[in-house]
Amino acid sequence: MAESVADPARRNWVMATCGVGAVGGVATAVPFVASFAPSERAKAAGAPVEADIGGLKPGEKMVVEWRGKPVWILRRTPEQLDSLKKDEPLLADPNSERTAYPTPPYAKNSWRSIKPEYFVAVGICTHLGCSPSDKFVPGAQPSLPDDWPGGFLCPCHGSTFDLAGRVFKNKPAPDNLEVPPYMYLSDSRLLIGDEKKA
C-alpha cells in the first residue's frame, strides 16, 4: 500500500479557507445574536422610575409614568386614613386576597402601602383599562352614592375604589387597583419598579 503525500499548498489553501469561513460566520452571528437583546427604548420602558415626593402636601396626588402606565402617588390626610377602616364592609376584596393583580406583601394591609400616609398604585381600572378620576371629597355627588367616603370613580362603567384603591362591591371592576413594586430611597424619594429593599 502506497503512502499518500500531503500537498502543502493544498493544505494551506484548505486552512486559509476554513479560517476565512470561521471569521465570516462569527461576523454574521454577532449582529444576529445582538438583535436578541432589548433596545435602549425597551430597557427604558421597563426601567424603574424615581419620584420626588418631598413637595407633596396632604390630600395631593402626583402622577409618574412607569412602563407606559400612570402611577399615582397620593399623600393621604389623617381623615382619609381614618375612612379606610370604615370602608371595609362595603368592599369586594378588603384584604387584597384576589390574585389577578397580586398585592406585594408590604402592601397587604388596610392602607395598601409601605407607609400609611403615601398610597402608590397603577391608575388603570381593572375592568377595561380606563383611568379612574379623583373623587376625594366625601358626600353625595353625581354618579356616586350619598354616603360616598372619598376615593376614585371610573367614569367609563361606574366602578368605584376607596382611597386605598380597593374596589367597592357590585361594580364592574373585578379587582383592586394594582400596587406596583416600589421602595423608598429616602423619606422624600420613591423608586417605582423595584422593591429589593422594600
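Rules used throughout
Residues numbered from 1 in each chain as written. Predicted model: local features only at pLDDT ≥ 70, side-chain atom pairs only at ≥ 80, totals over all residues. Heavy atoms only, no water. Pairing = 2+ DSSP bridges. Helix = DSSP H or I, 4+ residues; strand = E, 2+ residues; numbered from the N terminus. Axes fitted to C-alpha atoms, helices over the stretch in contact; angles between N-to-C directions. Buried < 20%, exposed > 50% of the residue type's maximum accessible area, 1.4 Å probe, protein only. Contact = heavy atoms within 4.5 Å.

Draft legend 1. Just the sheet that holds strand β4 (residues 118-122), in detail. In spatial order, the strands read β2-β3-β4; together these three strands make up an open sheet with antiparallel pairing. Both edges of this open sheet fall to β2 (61-66) and β4, since each of them pairs with a single strand only. Direction aside, the axes of adjacent strands within the sheet are offset by 20 degrees on average. Direction of pairing for β2 relative to strand β3 (residues 69-75): antiparallel, over a ladder of six bridges. Looking across to β3, one finds that Lys61 is bridged to Leu74.

Draft legend 2. Focus on the side chain of Thr160. With respect to the element layout, Thr160 can be found in strand β7 (residues 160-161). Note on Thr160: relative accessible area 3%, which makes it buried. The residues touching Thr160, leaving out its near neighbours within four places in the chain, are Leu144, Trp148, Phe152, Leu153, Arg166, Val167, Phe168 and Lys171.

Draft legend 3. Highlighting the pairing of strand β8 (residues 182-186). Summarising the sheet, β8 and strand β9 (residues 189-192) pair through four bridges and their orientation is antiparallel. Residue pairing for β9: Ser186 is matched across the bridge by Arg189. Where β8 folds back onto β9 in an antiparallel hairpin, the turn is made up of two residues.

Draft legend 4. Spotlight on the sheet that holds β9. Judged by pairing direction, the sheet is antiparallel, and its three strands sit side by side in the order β1-β9-β8 without closing on themselves. Pairing within the sheet leaves two strands with one partner each, and these edge strands are β1 (49-52) and β8. Each adjacent strand pair in this sheet contributes to an overall mean axis angle of 30 degrees, direction not counted.

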